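For reference, the chains in residue letters:
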Amino acid sequence: RTIKLEDIKSKEGTDDFDYFIGLLATDGCITKNNIVLDFAEQNKELLDYWNEFLGNKCNITISTHKVYKTPQYRIQFANPEIKEFLSTYGIVERKTYHLQLKYINWNVLRGIIDGDGCILERNGRKTLAIGITSGCKEFLEQIQQFYLKNNINSYLKESNRNINPTYDLYVYKSEDILKIYENLYHQ
């Protein structure tokens, strides 16, 4: 079965569409005309959700990650019209270091956090933080501007964890974390 442009375009403007723009921005990949979503073992349910979004027209394949030897799930399909359509939202080839989305709202942010976000204990204490990591500083600055518009304080810093430059955007204050949570899951 083939994924057609109308399968995605018909959902434009919905919460699910925005969520998948965020998910594609972080864990998606565009190569030639292929649109790919890869997830590690614990995230297969996101692919089930994505497949449902596409009308259950895709196969979810499984392989073993070459380095970590863990299961890796994938949905992949090719359609040059969809590739072109997604580019109008900022989902393009080689987006790792050059990503700028058309817009960010709470549903897009939920997809971004599900893709590249984390909730962590800060400095071994029982204080939580929400973090998003990216190779594209401008992308995190775009999220930071969205946070500012919603009166949420965040901190952007360069990470020293990788050989290639990456950046982390953190939200530390409990009241800001609560605002994010309430807007992501209780709108």
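Residues numbered from 1 in each chain as written. Predicted model: local features only at pLDDT ≥ 70, side-chain atom pairs only at ≥ 80, totals over all residues. Heavy atoms only, no water.

Peer 1: It is not clear to me how helix α3 (residues 44-53) should be interpreted in this structure. Could you clarify?
Peer 2: An α-helix turns once per 3.6 residues; consequently, residues spaced three or four apart project the same way. Those residues of α3 that sit buried are L46, L47, W50, N51 and F53. For α3, the arc enclosing every buried residue in end-on projection is 155 degrees, short of the 170-degree limit, so these residues lie on one face. Following α3 by one or two positions, G55 has its phi on the positive side, about 80 degrees. (Buried < 20%, exposed > 50% of the residue type's maximum accessible area, 1.4 Å probe, protein only. Helix = DSSP H or I, 4+ residues; strand = E, 2+ residues; numbered from the N terminus. Arc of directions from axis to C-beta.)

Peer 1: Would you mind showing me how to read the packing of helix α2 (residues 15-27) against helix α5 (residues 106-116) here?
Peer 2: Packed helices, taken two at a time, are described by their axes: the angle between them and the distance between them. Put simply, α2 and α5 touch, their axes get as near as 7 Å, and they point 35 degrees apart. When you trace α2 past α5, the crossing you get is right-handed. Contacts between α2 and α5 involve D15, D18, Y19, G22, L23, T26 and D27 from the former and N107, V108, R110, G111, I112, D114, G115 and D116 from the latter. (Axes fitted to C-alpha atoms, helices over the stretch in contact; angles between N-to-C directions. Left-handed = near helix turned anticlockwise from the far one by under 90°. Contact = heavy atoms within 4.5 Å.)

Peer 1: Please explain the side chain of T166 as it appears in this structure.
Peer 2: Tracing the sequence through the fold places T166 in strand β8 (residues 166-171). T166 sits in the buried class, given a relative accessible area of 11%. Every residue in contact with T166, bar those within four places of it in the chain, is listed here: T133, S134, G135, K157, E158 and S159.

Peer 1: Please clarify how α2 should be interpreted in this entry.
Peer 2: The terminal C-alpha atoms of α2 lie 18 Å apart, and with 13 residues this matches the ideal 18 Å at 1.5 Å per residue to within 8%. With respect to burial, α2 is a largely interior element, 10 of its 13 residues being buried. Turning to α2, its buried residues number three or more, namely F17, D18, Y19, F20, I21, G22, L23, L24, A25 and T26. (Expected span 1.5 Å × (residues − 1).)

Peer 1: Please clarify how the environment of I8 should be interpreted in this entry.
Peer 2: By the secondary structure assignment, I8 is in helix α1 (residues 5-9). Here I8 falls in the buried class, since its relative accessible area comes to 3%. Considering only alpha carbons, one finds I8 and D114, 106 residues apart in sequence, at a separation of 20 Å.

Peer 1: I tried to follow a nonpolar patch on the surface on my own but got confused; where do I start?
Peer 2: Taken together, L178, Y181 and Y185 make up a surface patch of nonpolar side chains, about 320 Å² in accessible area. Turning to its location among the elements, Y181 is positioned in helix α7 (residues 174-185). Accessibility expressed as a relative area gives 43% for Y181, which makes it partly exposed. (Patch = residues over 30% accessible without salt bridge, like charges linked within 9 Å, V, L, I, M, F, W, Y side chains within 5 Å. Areas by Shrake-Rupley, 256 points an atom, 1.4 Å probe, with all protein chains shown as cover. Salt bridge = Lys/Arg side-chain N within 4 Å of Asp/Glu carboxyl O.)

Peer 1: Would you explain the packing of α5 against α7 in this entry?
Peer 2: Where α5 contacts α7, the axes come no closer than 9 Å and their chain directions differ by 110 degrees. Taken together, the axis directions place α5 and α7 in an arrangement best described as roughly perpendicular. Listed contacts from α7 to W106, L109, R110, I113 and D114 of α5 are I180, N183, L184 and Y185. Here the contact of α5 with α7 is composed, by residue class, of six nonpolar, one polar and two charged. (Parallel < 35°, antiparallel > 145°, perpendicular 65-115°, else oblique. Nonpolar A, V, L, I, M, F, W, Y, C, P; charged D, E, K, R; others polar.)

Peer 1: How should I be thinking about the state of the cysteines in this particular structure?
Peer 2: Two cysteines, two sulfur atoms, one covalent bond between them: this is a disulfide. Applying the stated criterion to the full structure yields zero disulfides. There is no disulfide at C29, and the cysteine sulfur nearest it, in C58, is 15 Å away. Residue classification places C29 among the partly exposed residues on the basis of a relative accessible area of 34%. Between C118, a free cysteine, and C136, which holds the nearest cysteine sulfur, the sulfur-to-sulfur gap is 18 Å. Judged by its relative accessible area of 31%, C118 is partly exposed. (Disulfide = S-S within 2.5 Å.)

Peer 1: Just checking my understanding: could you explain the packing of aromatic side chains for this structure?
Peer 2: Aromatic ring pairs are defined here through the distance separating the ring centres and the angle between the ring planes. Scanning the model with the defined rule gives 14 aromatic pairs in all. Centroid distance Y89 to Y103: 6.0 Å. Interplanar angle 75 degrees. Geometry classified as edge-to-face. One end of the pair, Y89, is in the loop between α4 (80-87) and α5; the other, Y103, is in the loop between α4 and α5, and 14 residues separate them in sequence. Judged by its relative accessible area of 26%, Y103 is partly exposed. An aromatic cluster is defined as three or more aromatic residues linked by ring pairs; in this entry it consists of Y19, F20, Y49, W50 and F53. (Phe/Tyr/Trp six-rings, centres within 6.5 Å; stacked < 30°, edge-to-face > 60°.)

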